[in-house]
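Chains, contacts and geometry: an overview
Below, each chain spelled out in residue letters.
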Amino acid sequence: MGSFKLGKMTLRSLFKKPETIMYPAQTRYQPEGLKGHILNDIDTCILCGICEKRCPTGAIKVAKKDGTWQIDRFRCVQCGTCVRECPKDSLSMNPNYPAPAPKKSVEVVQKPEPSAEEIAAAQAKEAEKAERIKAALAAKAAREAAASEAQ
């Protein structure tokens, strides 16, 4: 009796569509709400470290001094806490399956060095800020002088 059941199952599987897919060659459909993996737009990232503090598994490491942001994808559980907590919205969830990796590795993203134009723009912004502070202090001194003369 058991051999008839086995034969029936074998014949049915010969003429039926396979249940599995050839993974790297074919990708599975992505269900609604798939979290995927974390992406960091390093250009907008300020390396504040909030994502590192909020990560429940400790998969994210931020080194502001070195200008690096790194994630251990094998420790990340795709909870999305870092994405919600990022003040500059530089982190996002890519709704695709991550590429298969032959070995464990830590992904490191390096903040690029600012260009000459960016440095000049930052210096101009700082000079403008210093000028506004100087003008505010002068106005405050003038108000105090006028108040002391009125008394």
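Our structure is the block above this text.
The structure reproduced in this document is the subject of the present report. Along each chain, numbering runs from 1 in the same order as the chain's sequence is written. Residues qualify for local features only when their pLDDT is at least 70, as the model is predicted, and side-chain atom pairs are given and counted only at 80 or more; totals for whole chains, interfaces and linings, by contrast, use all residues. Side-chain calculation: all heavy atoms of the structure are included, whereas hydrogens and water are not.

Things to note about the pattern of salt bridges
We define a salt bridge as a side-chain nitrogen of Lys or Arg found within 4 Å of a carboxyl oxygen belonging to Asp or Glu. Tallying each qualifying case throughout the model produces 3 salt bridges. As a salt-bridge pair, Arg 54 and Glu 85 come within 3.4 Å of each other at their nearest N and O atoms. Taken together, the positions of Arg 54 in helix H2 (residues 50–54) and Glu 85 in helix H3 (residues 81–85) put the pair 31 residues apart, joining distant regions of the chain. Residue burial is assigned from relative accessible area. The probe radius is 1.4 Å, only protein chains are included, and a residue is buried under 20% of its type maximum, exposed over 50%, and partly exposed in between. Exposure remark for Glu 85: the relative accessible area of 33% places this residue in the partly exposed category. Measuring nitrogen to oxygen at the nearest pair gives 3.0 Å for the salt bridge that ties Glu 128 to Arg 132. In this pair, Glu 128 and Arg 132 are both assigned in helix H4 (residues 116–150), 4 residues apart and thus about one turn of the helix distant. What counts as a helix is a DSSP run of H or I of at least four residues, what counts as a strand is a run of E of at least two, and both are numbered from the N terminus.

Comments concerning the nonpolar core
The nonpolar core is taken to be a set of buried Ala, Val, Leu, Ile, Met, Phe, Trp, Tyr and Cys residues, with the residues joined through side-chain atoms within 4.5 Å. By size, the foremost hydrophobic cluster in this structure holds 17 residues, and its most contacted members are Ile 38, Cys 51, Ile 60, Trp 69, Cys 82 and Leu 91. Going through the elements one at a time, strand S2 (60–63), strand S3 (68–72) and H3 are the ones with two or more residues in this core. By definition in these notes, contact holds between two residues if any of their heavy atoms fall within 4.5 Å. Once you skip the residues sitting within four places of it in the chain, Leu 91 turns out to touch Ile 38, Leu 39, Asn 40, Cys 51, Trp 69, Cys 82, Val 83 and Cys 86.

Considerations on a negative patch on the surface
On the surface, Asp 41, Asp 43, Glu 117 and Glu 118 cluster together to form a negatively charged patch. Structurally, the position occupied by Glu 118 is in helix H4. Candidates for patches are residues over 30% relative accessible area with no salt bridge; among them, like charges are joined within 9 Å and nonpolar side chains (Val, Leu, Ile, Met, Phe, Trp, Tyr) within 5 Å. The method behind every accessible area is Shrake-Rupley, applied with a 1.4 Å probe, and residues are considered shielded solely by the protein chains displayed. When charges are counted, Lys and Arg are positive and Asp and Glu negative, with His and the chain ends excluded. For this purpose, a charge sits on NZ of Lys, CZ of Arg, CG of Asp or CD of Glu.

Regarding the state of the cysteines
Any two cysteine sulfur atoms lying within 2.5 Å of each other are counted as a disulfide. Counted by the stated rule, this structure contains 0 disulfides. Not engaged in a disulfide, the cysteine Cys 55 finds its nearest cysteine sulfur in Cys 79; these two sulfurs lie 6.1 Å apart. No disulfide involves Cys 86; its nearest neighbouring cysteine sulfur is the one of Cys 48, lying 6.0 Å away.

As for the side chain of Asn 94
Relative to the assigned elements, Asn 94 resides in strand S4 (residues 91–94). On the basis of relative accessible area, Asn 94 is assigned to the buried category, the value being 19%. Apart from the residues lying within four places of it in its own chain, the contact partners of Asn 94 are Lys 35, Gly 36, His 37 and Leu 39.

Re the sheet that holds strand S5 (residues 106–110)
The strand order across the open sheet built from 3 strands is S2-S3-S5, with neighbouring strands paired in antiparallel fashion. The open sheet has two edge strands, S2 and S5, and neither has a second partner. In this sheet, adjacent strand axes meet at a mean angle of 15° when their direction is disregarded. Strand pairing is assigned whenever DSSP identifies at least 2 bridges connecting the two strands. In the sheet, S3 pairs with S5 via 5 bridges, with the strands oriented antiparallel. For Trp 69, the partnering residue across the bridge sits in S5 and is Val 109. Each axis is a line fitted through C-alpha atoms, and for a helix only the stretch in contact is used; angles between axes span 0 to 180 degrees, taken between their N-to-C directions.

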